[in-house]
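# Structural characterization, general
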Amino acid sequence: MPKRIPLTLITGYLAAGKTTLLNALLRDASAGRIAVVVNEFGDVGLDHDLIVETTEETVLLSSGCMCCTVRGDLVQALEGLFEKRSAGKLDFDRIVIETTGLADPAPILHTLIVTPGLGAALRMDGVVTVCDAVNGPVTLDRGFESVQQVAMADVLVLSKTDLVTPTQAAKFRARLAALAPGAKIVTASQGAVPINELFGHGAPDMGGALPEAEAWVNTPAYALSSLPLPVLTKPGASLAGAGPTYGLFGMAPTPTPSLISAIIPAAHHDDRISSVSMVFDDPIHPIMLDIWLETLIAARGPDILRVKAVIWADGFDTPFVIHGVQHIIDPPIRLARWNGTDRKSRVVIIGRDLPREALLESLEVLKTRPMVHPLPA
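This one's a predicted model, so the numbers in the text were calculated from it and none came from an experiment.

Conventions and cut-offs
Residues numbered from 1 in each chain as written. Predicted model: local features only at pLDDT ≥ 70, side-chain atom pairs only at ≥ 80, totals over all residues. Heavy atoms only, no water. Phe/Tyr/Trp six-rings, centres within 6.5 Å; stacked < 30°, edge-to-face > 60°. Helix = DSSP H or I, 4+ residues; strand = E, 2+ residues; numbered from the N terminus. Buried < 20%, exposed > 50% of the residue type's maximum accessible area, 1.4 Å probe, protein only. Lys NZ or Arg CZ within 6 Å of the ring centre and 35° of its normal. Salt bridge = Lys/Arg side-chain N within 4 Å of Asp/Glu carboxyl O. Core = buried A, V, L, I, M, F, W, Y, C linked by side-chain atoms within 4.5 Å. Domains from an automatic or database assignment. Contact = heavy atoms within 4.5 Å. pLDDT = per-residue confidence, 0-100. Pairing = 2+ DSSP bridges. Lys, Arg positive; Asp, Glu negative; His and termini not counted. Polar contact = N/O pair within 3.5 Å; in protein donor to acceptor, adjacent residues only side chain to side chain. 1 Å grid on protein atoms, 1.4 Å probe; cavity = no way out; pocket = protein on both sides within 12 Å on 5 of 7 lines; lining within 4 Å. Points joined across faces, edges and corners; volume = space filled by probe spheres on them. Nonpolar A, V, L, I, M, F, W, Y, C, P; charged D, E, K, R; others polar.

On to the packing of aromatic side chains, then. For the structure on display, the rule yields two aromatic pairs. Centre to centre, the rings of F82 and F92 are 5.8 Å apart; their planes meet at 70°, and the pair counts as edge-to-face. A residue pair is termed long-range when its members are at least 10 positions apart, and F82 in helix α3 (residues 71-86) and F92 in the loop between α3 and β4 (94-98) qualify at 10 residues. Of the two residues, F82 and F92, both sit in the buried class. On the basis of an interplanar angle of 85° and a centroid distance of 5.0 Å, the ring pair of F316 and F320 is categorised as edge-to-face. When its relative accessible area of 25% is taken as the criterion, F316 is described as partly exposed. With relative accessibility at 7%, the residue F320 sits in the buried group. For the cation-ring pair, R85 lies above F92, with the distance from its terminal atom to the ring centre recorded as 5.2 Å. Residue placement shows R272 over the ring face of F144; its charged tip is 3.9 Å from the ring centre.

So this is what it looks like as C-alpha coordinates:
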(Lines give C-alpha, C1' and ligand atoms only; values in the text may rest on other atoms or scores of the structure.)
Protein backbone atom coordinates (compact mmCIF):
# COMPACT_ATOMS: atom_id res chain seq x y z
CA MET A 1 0.00 0.00 0.00
CA PRO A 2 1.49 3.43 -0.96
CA LYS A 3 2.64 5.59 1.93
CA ARG A 4 0.09 8.26 2.79
CA ILE A 5 1.11 11.91 2.49
CA PRO A 6 1.11 13.75 5.84
CA LEU A 7 -1.12 16.83 6.04
CA THR A 8 -0.80 19.59 8.63
CA LEU A 9 -3.62 22.04 9.31
CA ILE A 10 -2.49 25.51 10.46
CA THR A 11 -5.26 27.49 12.08
CA GLY A 12 -5.62 30.35 14.52
CA TYR A 13 -7.65 33.50 14.94
CA LEU A 14 -7.42 36.64 12.80
CA ALA A 15 -3.92 38.22 12.77
CA ALA A 16 -2.52 35.58 15.13
CA GLY A 17 0.53 35.05 12.90
CA LYS A 18 -0.43 32.09 10.72
CA THR A 19 0.97 33.59 7.49
CA THR A 20 4.20 34.63 9.22
CA LEU A 21 4.62 31.05 10.45
CA LEU A 22 3.89 29.70 6.97
CA ASN A 23 6.40 32.07 5.37
CA ALA A 24 9.09 30.92 7.79
CA LEU A 25 8.17 27.31 7.10
CA LEU A 26 8.48 27.76 3.34
CA ARG A 27 11.89 29.42 3.72
CA ASP A 28 13.24 26.51 5.78
CA ALA A 29 15.01 24.06 3.45
CA SER A 30 14.83 21.32 6.08
CA ALA A 31 11.03 21.30 5.79
CA GLY A 32 11.22 19.38 2.51
CA ARG A 33 8.90 19.82 -0.43
CA ILE A 34 5.61 21.26 0.80
CA ALA A 35 2.40 21.75 -1.15
CA VAL A 36 0.44 24.61 0.40
CA VAL A 37 -3.30 25.25 0.25
CA VAL A 38 -4.21 28.75 1.41
CA ASN A 39 -7.79 29.61 2.33
CA GLU A 40 -9.00 33.15 1.63
CA PHE A 41 -11.94 35.02 3.07
CA GLY A 42 -13.27 37.81 0.84
CA ASP A 43 -12.58 38.93 -2.70
CA VAL A 44 -8.98 40.09 -2.29
CA GLY A 45 -6.33 37.46 -1.64
CA LEU A 46 -4.33 39.50 0.85
CA ASP A 47 -2.97 36.47 2.67
CA HIS A 48 -1.79 34.98 -0.60
CA ASP A 49 0.08 38.18 -1.49
CA LEU A 50 1.96 37.88 1.81
CA ILE A 51 3.27 34.40 1.08
CA VAL A 52 6.86 35.04 0.09
CA GLU A 53 7.79 31.64 -1.34
CA THR A 54 4.88 31.18 -3.76
CA THR A 55 5.40 28.19 -6.07
CA GLU A 56 3.27 26.05 -8.34
CA GLU A 57 2.72 23.81 -5.33
CA THR A 58 0.75 26.65 -3.70
CA VAL A 59 -3.01 26.54 -4.33
CA LEU A 60 -5.13 29.60 -3.54
CA LEU A 61 -8.75 29.10 -2.52
CA SER A 62 -10.80 32.27 -2.77
CA SER A 63 -14.43 31.20 -2.63
CA GLY A 64 -14.93 31.52 1.10
CA CYS A 65 -14.19 30.04 4.49
CA MET A 66 -13.14 26.39 4.66
CA CYS A 67 -15.70 25.65 7.33
CA CYS A 68 -18.56 26.29 4.93
CA THR A 69 -18.66 26.88 1.15
CA VAL A 70 -15.05 26.19 0.33
CA ARG A 71 -14.98 22.50 1.19
CA GLY A 72 -15.77 21.50 -2.39
CA ASP A 73 -12.91 23.69 -3.59
CA LEU A 74 -10.66 22.14 -0.96
CA VAL A 75 -11.32 18.67 -2.31
CA GLN A 76 -10.69 19.85 -5.88
CA ALA A 77 -7.45 21.54 -4.84
CA LEU A 78 -6.14 18.46 -3.05
CA GLU A 79 -7.19 16.12 -5.85
CA GLY A 80 -5.51 18.46 -8.33
CA LEU A 81 -2.26 18.29 -6.39
CA PHE A 82 -2.30 14.50 -6.45
CA GLU A 83 -3.14 14.41 -10.16
CA LYS A 84 -0.13 16.61 -10.94
CA ARG A 85 2.01 14.50 -8.65
CA SER A 86 0.94 11.29 -10.41
CA ALA A 87 1.64 12.90 -13.81
CA GLY A 88 5.14 13.87 -12.71
CA LYS A 89 4.42 17.60 -13.02
CA LEU A 90 5.30 18.33 -9.39
CA ASP A 91 6.48 16.53 -6.30
CA PHE A 92 5.91 17.11 -2.61
CA ASP A 93 6.54 15.33 0.67
CA ARG A 94 3.67 16.83 2.66
CA ILE A 95 0.72 19.23 2.44
CA VAL A 96 0.02 22.24 4.65
CA ILE A 97 -3.39 23.95 4.77
CA GLU A 98 -3.65 27.47 6.19
CA THR A 99 -7.21 28.34 7.19
CA THR A 100 -8.88 31.69 7.72
CA GLY A 101 -9.05 33.06 11.24
CA LEU A 102 -12.77 32.25 11.44
CA ALA A 103 -12.47 28.63 10.35
CA ASP A 104 -13.76 25.72 12.40
CA PRO A 105 -11.19 22.91 12.01
CA ALA A 106 -13.79 20.14 12.39
CA PRO A 107 -15.46 20.30 8.93
CA ILE A 108 -12.04 20.38 7.27
CA LEU A 109 -11.05 17.22 9.11
CA HIS A 110 -14.42 15.70 8.13
CA THR A 111 -13.63 16.37 4.48
CA LEU A 112 -10.26 14.67 4.70
CA ILE A 113 -11.77 11.60 6.35
CA VAL A 114 -14.93 11.00 4.32
CA THR A 115 -13.90 12.03 0.78
CA PRO A 116 -13.26 8.89 -1.30
CA GLY A 117 -9.61 8.66 -2.26
CA LEU A 118 -8.34 11.43 0.00
CA GLY A 119 -8.56 9.33 3.14
CA ALA A 120 -6.38 6.67 1.54
CA ALA A 121 -3.92 9.23 0.15
CA LEU A 122 -3.61 11.57 3.14
CA ARG A 123 -2.66 11.11 6.77
CA MET A 124 -3.60 13.84 9.27
CA ASP A 125 -0.27 14.87 10.77
CA GLY A 126 -1.65 17.34 13.26
CA VAL A 127 -3.63 20.50 13.91
CA VAL A 128 -1.40 23.50 14.63
CA THR A 129 -3.11 26.53 16.20
CA VAL A 130 -1.29 29.88 16.33
CA CYS A 131 -2.13 31.90 19.45
CA ASP A 132 -1.41 35.63 19.69
CA ALA A 133 -0.03 36.53 23.14
CA VAL A 134 -1.09 40.17 22.69
CA ASN A 135 -4.70 39.81 21.58
CA GLY A 136 -5.25 36.14 22.37
CA PRO A 137 -6.77 36.51 25.84
CA VAL A 138 -9.37 38.99 24.59
CA THR A 139 -10.02 36.86 21.51
CA LEU A 140 -10.73 33.82 23.70
CA ASP A 141 -13.13 35.89 25.80
CA ARG A 142 -15.03 37.28 22.83
CA GLY A 143 -15.38 34.36 20.44
CA PHE A 144 -15.88 30.64 20.96
CA GLU A 145 -14.33 29.95 17.52
CA SER A 146 -10.88 30.71 18.88
CA VAL A 147 -11.48 28.59 21.99
CA GLN A 148 -12.47 25.65 19.81
CA GLN A 149 -9.38 26.11 17.61
CA VAL A 150 -7.23 25.83 20.73
CA ALA A 151 -9.11 22.84 22.16
CA MET A 152 -8.74 20.81 18.94
CA ALA A 153 -5.01 21.49 18.53
CA ASP A 154 -2.16 19.01 18.66
CA VAL A 155 0.36 21.87 18.73
CA LEU A 156 -0.12 25.43 20.03
CA VAL A 157 2.28 28.07 18.68
CA LEU A 158 2.55 31.05 21.03
CA SER A 159 3.29 34.15 18.94
CA LYS A 160 4.17 37.80 19.73
CA THR A 161 5.49 37.01 23.22
CA ASP A 162 8.09 39.77 22.79
CA LEU A 163 5.24 42.31 22.87
CA VAL A 164 3.96 41.34 26.32
CA THR A 165 5.53 40.98 29.75
CA PRO A 166 6.82 37.58 30.92
CA THR A 167 4.00 37.46 33.46
CA GLN A 168 1.36 38.09 30.79
CA ALA A 169 2.90 35.43 28.52
CA ALA A 170 3.01 32.89 31.35
CA LYS A 171 -0.60 33.57 32.31
CA PHE A 172 -1.76 33.14 28.70
CA ARG A 173 0.29 29.96 28.33
CA ALA A 174 -1.34 28.52 31.45
CA ARG A 175 -4.78 29.30 30.06
CA LEU A 176 -3.95 27.54 26.80
CA ALA A 177 -2.64 24.52 28.70
CA ALA A 178 -5.93 24.28 30.60
CA LEU A 179 -7.95 24.44 27.37
CA ALA A 180 -5.77 21.89 25.53
CA PRO A 181 -3.91 19.89 28.18
CA GLY A 182 -2.65 17.31 25.68
CA ALA A 183 -1.30 19.81 23.14
CA LYS A 184 2.35 20.72 22.84
CA ILE A 185 2.99 24.44 23.39
CA VAL A 186 5.95 26.04 21.60
CA THR A 187 6.99 29.69 21.44
CA ALA A 188 7.65 31.25 18.05
CA SER A 189 10.84 33.24 17.57
CA GLN A 190 10.26 36.04 15.02
CA GLY A 191 7.33 34.02 13.77
CA ALA A 192 9.34 30.84 13.21
CA VAL A 193 9.22 27.45 14.94
CA PRO A 194 11.61 24.49 14.43
CA ILE A 195 10.25 21.98 11.93
CA ASN A 196 10.28 19.07 14.38
CA GLU A 197 7.97 21.05 16.67
CA LEU A 198 5.30 21.42 13.95
CA PHE A 199 5.31 18.04 12.23
CA GLY A 200 4.82 14.48 13.41
CA HIS A 201 2.04 15.05 15.94
CA GLY A 202 -0.83 13.20 14.25
CA ALA A 203 -2.10 9.66 14.67
CA PRO A 204 0.49 7.08 13.60
CA ASP A 205 -0.07 5.10 10.43
CA MET A 206 -0.08 1.32 10.06
CA GLY A 207 3.72 1.26 10.23
CA GLY A 208 3.73 3.19 13.48
CA ALA A 209 4.83 1.81 16.83
CA LEU A 210 2.79 1.60 20.02
CA PRO A 211 4.84 4.27 21.89
CA GLU A 212 4.05 6.76 19.12
CA ALA A 213 0.34 6.04 19.46
CA GLU A 214 0.44 6.35 23.24
CA ALA A 215 2.25 9.70 22.98
CA TRP A 216 -0.37 10.93 20.50
CA VAL A 217 -3.28 10.04 22.81
CA ASN A 218 -1.37 11.42 25.84
CA THR A 219 -3.84 10.31 28.49
CA PRO A 220 -1.76 11.54 31.49
CA ALA A 221 -2.09 15.17 30.36
CA TYR A 222 -5.88 15.00 30.18
CA ALA A 223 -6.12 13.20 33.49
CA LEU A 224 -4.41 16.21 35.08
CA SER A 225 -6.66 18.75 33.37
CA SER A 226 -7.52 21.61 35.71
CA LEU A 227 -10.55 22.91 33.82
CA PRO A 228 -13.62 23.47 36.02
CA LEU A 229 -16.49 21.03 35.70
CA PRO A 230 -19.57 22.50 33.98
CA VAL A 231 -22.63 22.37 36.20
CA LEU A 232 -25.41 20.00 35.15
CA THR A 233 -28.49 22.19 35.03
CA LYS A 234 -31.17 20.13 33.32
CA PRO A 235 -31.80 16.45 32.56
CA GLY A 236 -31.21 15.14 29.09
CA ALA A 237 -32.88 12.55 26.93
CA SER A 238 -31.96 8.91 27.08
CA LEU A 239 -29.61 7.60 24.43
CA ALA A 240 -31.82 4.59 23.81
CA GLY A 241 -33.50 4.31 20.47
CA ALA A 242 -30.57 4.62 18.09
CA GLY A 243 -31.23 1.55 15.94
CA PRO A 244 -28.73 -1.20 15.11
CA THR A 245 -25.88 -0.11 12.88
CA TYR A 246 -22.65 -1.56 11.64
CA GLY A 247 -19.86 -0.59 14.01
CA LEU A 248 -16.12 -0.49 13.46
CA PHE A 249 -15.66 -4.15 14.28
CA GLY A 250 -18.96 -5.57 13.06
CA MET A 251 -22.64 -5.46 13.94
CA ALA A 252 -23.34 -3.20 16.91
CA PRO A 253 -26.44 -3.99 19.00
CA THR A 254 -28.95 -1.28 19.82
CA PRO A 255 -27.47 0.99 22.52
CA THR A 256 -29.63 1.11 25.62
CA PRO A 257 -27.73 2.79 28.49
CA SER A 258 -28.31 6.47 29.12
CA LEU A 259 -24.72 7.67 29.10
CA ILE A 260 -24.71 11.42 28.59
CA SER A 261 -27.06 14.25 29.54
CA ALA A 262 -27.59 17.56 27.79
CA ILE A 263 -26.59 20.69 29.66
CA ILE A 264 -27.05 24.41 29.34
CA PRO A 265 -23.72 25.91 28.17
CA ALA A 266 -21.78 27.86 30.77
CA ALA A 267 -21.39 31.58 30.24
CA HIS A 268 -17.58 31.55 30.17
CA HIS A 269 -16.19 30.28 26.85
CA ASP A 270 -13.38 28.27 28.45
CA ASP A 271 -15.87 26.44 30.67
CA ARG A 272 -17.61 25.07 27.58
CA ILE A 273 -14.61 22.82 26.84
CA SER A 274 -14.26 19.54 28.72
CA SER A 275 -11.62 16.87 28.31
CA VAL A 276 -11.26 13.48 29.97
CA SER A 277 -9.11 10.39 29.66
CA MET A 278 -9.21 6.81 30.88
CA VAL A 279 -6.82 3.85 30.82
CA PHE A 280 -8.18 0.28 30.66
CA ASP A 281 -6.04 -2.56 31.98
CA ASP A 282 -8.05 -5.32 30.28
CA PRO A 283 -8.80 -5.68 26.55
CA ILE A 284 -12.07 -4.12 25.44
CA HIS A 285 -14.78 -6.26 23.89
CA PRO A 286 -15.44 -5.13 20.29
CA ILE A 287 -19.22 -5.12 20.84
CA MET A 288 -18.89 -2.76 23.80
CA LEU A 289 -16.60 -0.51 21.81
CA ASP A 290 -19.18 -0.27 19.05
CA ILE A 291 -22.00 0.37 21.53
CA TRP A 292 -20.01 3.14 23.19
CA LEU A 293 -19.03 4.87 19.94
CA GLU A 294 -22.46 4.58 18.34
CA THR A 295 -24.17 5.83 21.49
CA LEU A 296 -21.80 8.74 22.01
CA ILE A 297 -22.07 9.91 18.41
CA ALA A 298 -25.85 9.48 18.23
CA ALA A 299 -26.38 11.48 21.41
CA ARG A 300 -23.87 14.32 21.19
CA GLY A 301 -21.82 13.84 18.02
CA PRO A 302 -21.57 17.56 17.13
CA ASP A 303 -20.28 18.31 20.63
CA ILE A 304 -17.50 15.71 20.58
CA LEU A 305 -14.63 17.77 19.18
CA ARG A 306 -12.15 14.89 19.08
CA VAL A 307 -11.81 11.29 20.17
CA LYS A 308 -8.30 9.84 20.34
CA ALA A 309 -7.72 6.24 21.37
CA VAL A 310 -5.40 3.26 21.34
CA ILE A 311 -7.62 0.19 21.71
CA TRP A 312 -6.66 -3.35 22.57
CA ALA A 313 -9.68 -5.38 21.49
CA ASP A 314 -10.52 -8.95 22.42
CA GLY A 315 -9.44 -11.35 19.71
CA PHE A 316 -6.66 -9.16 18.24
CA ASP A 317 -2.94 -9.41 18.95
CA THR A 318 -2.06 -5.81 18.03
CA PRO A 319 -3.80 -2.56 18.99
CA PHE A 320 -5.95 -0.19 16.93
CA VAL A 321 -5.62 3.58 16.68
CA ILE A 322 -8.96 5.40 16.50
CA HIS A 323 -9.44 9.08 15.67
CA GLY A 324 -12.82 10.81 15.56
CA VAL A 325 -13.96 14.37 14.89
CA GLN A 326 -17.51 15.09 16.05
CA HIS A 327 -19.80 12.54 14.37
CA ILE A 328 -17.14 11.21 11.98
CA ILE A 329 -14.87 8.32 12.99
CA ASP A 330 -11.82 7.64 10.85
CA PRO A 331 -11.47 3.93 9.93
CA PRO A 332 -9.35 2.33 12.69
CA ILE A 333 -5.68 1.81 11.93
CA ARG A 334 -4.25 -1.47 13.17
CA LEU A 335 -0.66 -1.03 14.33
CA ALA A 336 1.73 -3.63 13.01
CA ARG A 337 4.60 -2.86 15.38
CA TRP A 338 4.39 -3.80 19.04
CA ASN A 339 6.95 -5.13 21.49
CA GLY A 340 6.39 -5.75 25.17
CA THR A 341 3.64 -6.77 27.52
CA ASP A 342 1.61 -3.55 27.72
CA ARG A 343 -1.94 -4.24 26.57
CA LYS A 344 -3.65 -1.22 28.09
CA SER A 345 -6.23 0.75 26.12
CA ARG A 346 -6.14 4.54 26.31
CA VAL A 347 -8.99 6.89 25.40
CA VAL A 348 -9.25 10.70 25.36
CA ILE A 349 -12.43 12.71 24.68
CA ILE A 350 -12.50 16.46 24.06
CA GLY A 351 -16.00 17.94 24.10
CA ARG A 352 -17.94 21.17 24.29
CA ASP A 353 -20.93 21.83 26.55
CA LEU A 354 -20.56 18.39 28.13
CA PRO A 355 -19.91 17.67 31.83
CA ARG A 356 -16.71 15.77 32.47
CA GLU A 357 -18.51 13.50 34.94
CA ALA A 358 -20.86 12.32 32.19
CA LEU A 359 -18.00 11.70 29.77
CA LEU A 360 -16.18 9.65 32.39
CA GLU A 361 -19.38 7.73 33.10
CA SER A 362 -19.74 6.93 29.42
CA LEU A 363 -16.21 5.50 29.33
CA GLU A 364 -17.14 3.07 32.12
CA VAL A 365 -19.23 1.20 29.53
CA LEU A 366 -15.99 0.01 27.93
CA LYS A 367 -15.20 -1.98 31.07
CA THR A 368 -18.34 -4.12 30.83
CA ARG A 369 -18.74 -7.46 29.09
CA PRO A 370 -21.70 -8.15 26.77
CA MET A 371 -24.23 -10.77 27.78
CA VAL A 372 -24.22 -13.53 25.17
CA HIS A 373 -27.29 -15.76 25.04
CA PRO A 374 -26.78 -19.15 23.38
CA LEU A 375 -29.07 -19.98 20.48
CA PRO A 376 -31.81 -22.51 21.32
CA ALA A 377 -31.05 -26.06 20.31
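Back to the text.
Within the structure shown, the criterion is met by 19 salt bridges. Measuring nitrogen to oxygen at the nearest pair gives 2.6 Å for the salt bridge that ties D91 to R33. Residue D91 is located in the loop between α3 and β4, and its partner R33 is located in the loop between α1 (18-27) and β2 (34-39); the two are separated by 58 residues in the primary sequence. When its relative accessible area of 33% is taken as the criterion, D91 is described as partly exposed.

What follows concerns the nonpolar core. Of all hydrophobic cores here, the largest spans 61 residues; its most connected members are L78, L81, I95, L122, L156 and L176. For this core, the leading source of residues is α3, giving six residues. Shared between two domains, this core takes at least three residues from each, and those domains are domain 1 (5-202) and domain 2 (211-367). Apart from residues no more than four positions distant in its own chain, L81 is found in contact with A35, V37, E57, V59, L90, F92 and I95.

All right, on to the confidence of the model for the protein then. Close reading of the predicted structure is inappropriate where its pLDDT is low. Taken as a whole, the protein shows an average pLDDT of 79; of its residues, 77% reach a score of 70 or greater. The secondary-structure element of the protein with the lowest mean pLDDT is strand β8 (residues 245-247), recorded at 41, while strand β6 (residues 155-159) shows the highest, at 96. Low pLDDT, under 50, characterises residues 42-46; the predicted model gives this stretch three contacts beyond four residues in sequence or across chains. Low confidence marks residues 250-267, where pLDDT is under 50. Its contacts with residues over four positions away, or in another chain, come to 67 contacts.

The next thing to look at is the environment of D281. In this fold, D281 is placed in the loop between β10 (273-280) and α12 (286-300). When the C-alpha positions of D281 and W312 are compared, they lie 9.5 Å apart, and in sequence the two are 31 residues distant. When near neighbours in sequence (up to four residues on either side) are disregarded, D281 contacts R343 and K344.

Another aspect to go through is unusual backbone geometry. Here K160, not a glycine, exhibits a phi torsion of approximately 60°, which is positive. Tracing the sequence through the fold places K160 in the loop between β6 and α8 (166-179). Unusually for a residue other than glycine, Q326 sits at a positive phi of about 55°. Mapping Q326 onto the fold places it in the loop between β12 (320-325) and β13 (328-329).

Now for the pairing of β10. As a general feature of sheets, a regular strand has side chains that alternate between the two faces. A large share of β10 lies buried, amounting to seven of its eight residues. Relative to strand β15 (residues 345-352), β10 is paired through eight bridges, and the arrangement is antiparallel. When the bridges of β15 are listed, M278 appears paired with V347.

Attention shifts here to the side chain of K18. Relative to the elements of secondary structure, K18 occurs in helix α1. No salt bridge is formed by the buried K18, whose closest oppositely charged neighbour, E98, lies at an N-O distance of 5.0 Å. Of the polar contacts made by the side chain of K18, one reaches the backbone oxygen of Y13; its length is 3.3 Å. When residues no more than four places from it in sequence are discounted, the contact partners of K18 are I10, T11, G12, Y13, E98, T99, T100, G101 and V130.

Another aspect to go through is the layout of surface pockets. Any empty space left between the atoms is revealed when a probe the size of a water molecule rolls over them. Here the largest pocket defines a volume of roughly 380 Å³. Along its surface, the largest pocket is lined by 24 residues, and R4, G119, L122, D330 and I333 are the ones closest to its centre. When residues of the lining of the largest pocket are traced back to their parent elements, those giving at least two are α4 (105-114), α5 (118-121), β5 (122-132) and β12. Of the residues that constitute the lining of the largest pocket, the class distribution is 18 nonpolar, two polar and four charged. Viewed by domain, the lining of the largest pocket spans two of them, domain 1 (5-202) and domain 2 (211-367), each represented by three or more residues.

Here we take up the pairing of strand β1 (residues 5-12). Counting buried positions along β1 yields eight of eight residues, so the element is predominantly enclosed. On β1, burial covers both faces: I5, L7, L9 and T11 on one face and P6, T8, I10 and G12 on the other are all buried. Relative to β5, β1 is paired through eight bridges, and the arrangement is parallel. Bridge pairing in β5 links I5 to L122. Pairing analysis gives four bridges linking β1 to β4, with the strands arranged parallel. When the bridges of β4 are listed, L9 appears paired with I97.

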